[in-house]
Amino acid sequence: MLDIRSLSKKFGAGNSAFHALKSIDITIEEGEFFTLLGPSGCGKTTLLRMIAGFEQPSGGQLVLDGKDIAMIPPNNRPVNTVFQSYALFPHMTVAQNVAFGLEARGATPSEVAGRVDEMLEIVQMSHLRDRKSSQMSGGQQQRVALARALAPRPRILLLDEPLSALDLKLRKQMQVELKRLQREMGLTFIFVTHDQDEALTMSDRIAVMEGGTLQQVSDPRALYDHPANRFVAEFIGDANFLAGVIADAKLGMAGQPPVPLPRNEAANGPVTVMIRPEQVVVGPLAKDAITLNGRIETLVFSGNDTQASVRLQNGETLRLRAQNNLHAETTLTEGQRLQVSLPLDALRLLPQEAADAA
Amino acid sequence: MAEKRFDVTHMPGVATIAIVTFLALYIPVLILVVNAFNASDTAGRWEGATLRWFAAALDNTAFRRAALNSAIVALTAATLSTVLATAAALAVTRGRHIKGQGGIFVILNQPLLVPEIVFAIALMVVLAQVKQATGYQGLGYVIVAHTTFCIPFAFLPIRARLSGMDLTLETASMDLYASRFYTFRRVTLPLLLPGILAGFMLAFVISLDNVVVSSLIKSPGQETLPTYLMGELRRNLTSEIYAISALLLFASISIVAASWFVTRTRQ
Ligand SMILES: Nc1ncnc2c1ncn2[C@@H]1O[C@H](COP(=O)(O)OP(=O)(O)OP(=O)(O)O)[C@@H](O)[C@H]1O
Ligand SMILES: [Mg+2]
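What counts, and at which threshold
- Residues numbered from 1 in each chain as written.
- Chains lettered and ligands numbered in written order.
- Predicted model: local features only at pLDDT ≥ 70, side-chain atom pairs only at ≥ 80, totals over all residues.
- Heavy atoms only, no water.
- Core = buried A, V, L, I, M, F, W, Y, C linked by side-chain atoms within 4.5 Å.
- Buried < 20%, exposed > 50% of the residue type's maximum accessible area, 1.4 Å probe, protein only.
- Helix = DSSP H or I, 4+ residues; strand = E, 2+ residues; numbered from the N terminus.
- Contact = heavy atoms within 4.5 Å.
- Buried area = accessible area lost by both parts, 1.4 Å probe.
- Salt bridge = Lys/Arg side-chain N within 4 Å of Asp/Glu carboxyl O.
- Nonpolar A, V, L, I, M, F, W, Y, C, P; charged D, E, K, R; others polar.
- Domains from an automatic or database assignment.
- Polar contact = N/O pair within 3.5 Å; in protein donor to acceptor, adjacent residues only side chain to side chain.

Student: Got a sec to walk through the nonpolar core? Specific residues and values, please.
Tutor: Ranked by size, the top nonpolar core spans 90 residues in total, and within it A:I4, A:I26, A:L36, A:L47, A:I51 and A:I190 carry the most contacts. The element best represented in this core is helix α7 (residues 140–163) of chain B, accounting for 11 residues. Not counting residues up to four positions away in its chain, the partners in contact with A:L47 are A:I4, A:L7, A:L21, A:I24, A:I26, A:L36 and A:M209.

This is how it looks when you write it as structure tokens:
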């Protein structure tokens, strides 16, 4: 549906030019909840603004339904935006705001009225239709902004951190509503956030960005379970990184004798071994695991689980999460010596990056 | 620990100075207004209240003609200068780094840079030629002259309103299929309106009380209210002049009050 092909964006010219996006390739499918996730300044807004038409690409193509739209001005693109600040027109009522896009397009008054009623119904704002948009709470403004952007039936809805101004409770509630709306109406969303939980719970697919480049595009599960590199593993969820060496389909780490890997996925040489803290098992495992000795340095209790930081014999640190189950066989105490096991199928071998060598 | 800052209102004597200043500013005006209602025709001796002088003024055709001229000049000059000031304010805040922003600044600060009397004399010399060449003797010259010095006053509130305006509103409008013109008409202009009204009223008041430019530019026999008053003063000081001055004062105050009200309520 939307093909983003080697899209790039430079701000400025000559030596002072800033490469905000470097050759981005993404294909977004019809009816998909697609999320752009990344730290501040990685280019999420820039990409969104290019899709909306507020920025001209410096290179590449933007193909919507088979047509290159890169040069079409924003008011002729069948793409609408929900702005982070909502950007509701303060001199208009809720209903007038929702009607704006339809009127600008030249819809007949009866068409406009019907669609406005329908949209206000959907976002449950009918009772406030004559309220001035400046006299509403953040959550209400959010709904109106959504209704206004959806009223002209855009092919794609762009949402730039739409929930970041809401408090946590309202945010959770809006996440659910937004997701339901998108699914029920079969809408295509491109959603920007720098909140990984929000991205994981809402998205069909997530593109992780960093420094103007795509790091990985996957569904949430795969992103968490099979991060492509250290940046993704660290940005999404919590991760341990340990040094390892591959030789002849065997992995050696933490001074242990090399163990054969179930699948030979990596070439010989040094690798970074990633394991999520919740995958680390306390105590020995019978098979297909690497068992290490260590000592608990710190314990942090956080309600449903306890996070322990274990100093391994070779000096590396391993963090683990143990469920706080009353019937758990072992209790952890600070300073305790223990064995921890790393199941082989929970290990991820990541390409070693320059930063890891240090 | 609370930091002790210099606060001028805590200095000794500030209240006294403020009161003296206030009295010096408003007492003479108050006396004038009282005199306008004084039944006696010698100022300084109160013989009861009357509206006689106002009636006399309104009966006076010379005054009525001058008042009409003033109204025409102030309305037209305020309208023209507001339109130009709006365009200038849009260019300065919206046009991205257009060339000639410095030029706009020089234009807008002309009344500060060039003393009014110098400007008036210069304009008088030029317009004398134009008058001779065209034969046109109407109010147009005064209107054009007033428009030029009213622009900066109209500009200030418009500019202030524009720079406080959220640019994403215009972006949102464009996103919702609006053309540039439609965006201007339905988003920018309505939001700018309080600033435009305030600018208009300021320009109106400034034009209304101008003497120097008007008296040098006007054609023979033409009068605006202030030039008419100046002329009458030279002959003798009558109670009718007090009444006319009071009318001018009321007009000015009501416009400033209206403008204040408009900008306050339509934030
Ligand atoms: N108009 C511009 N001129 C120059 N540089 C810009 C411009 N717009 C954005 N940038 C730069 O491009 C980079 C990406 O900006 P962008 O707004 O896309 O980041 P973002 O991922 O949306 O960040 P955030 O999460 O903080 O919103 C930033 O380093 C920013 O400074
Ligand atoms: Mg952003």
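Student: A description of the interface of chain B and chain A should follow, citing residues and the corresponding values.
Tutor: Counting residues at the interface gives 17 residues for chain B and 26 residues for chain A. Of the roughly 1800 Å² buried between chain B and chain A on both sides combined, carbon and sulfur atoms contribute 65%. Its largest share of buried area at the contact with chain A, chain B owes to B:D175, B:L176 and B:Y177, together 43% of the area lost on that side. Where chain B meets chain A, there are one salt bridge. A salt bridge links B:R186 to A:E103; its shortest N-O distance comes to 2.6 Å. Listed by contribution, the elements that provide at least two residues to the side of chain B that touches chain A are α8 (167–175) and α9 (180–208) of chain B. In terms of residue count, α8(B) provides more of the side of chain B that touches chain A than any other element does, seven residues in total. Of the residues assigned to the side of chain B that touches chain A, the class counts are 10 nonpolar, four polar and three charged.

Student: Just give me the short version of the domain arrangement of chain A, but keep the residues and values in it.
Tutor: All names here are of chain A. Its domain assignment divides chain A into domain 1 (2–230) and domain 2 (238–357). For domain 1 versus domain 2, the distance between C-alpha centres works out to 40 Å. Buried area between domain 1 and domain 2, summed over both chains or domains, comes out near 820 Å², and the portion from carbon and sulfur atoms is 50%. Applying the counting criterion to the domain 1 and domain 2 interface returns zero salt bridges. The tally of links between domain 1 and domain 2 comes to four residue pairs in polar contact (both at pLDDT 80 or more). For the side of domain 1 that touches domain 2, a count of residues per class yields four nonpolar, two polar and two charged.

Student: Account for helix α1 (residues 44–52) of chain A, naming residues and giving values.
Tutor: Residues and elements named next belong to chain A. The element α1 is extensively covered by neighbouring structure, given that seven of its nine residues are classed as buried. Every buried residue of α1 is listed here: K44, T46, L47, L48, M50, I51 and A52. G53 occupies a position one or two residues after α1 and carries a positive phi of about 105 degrees.

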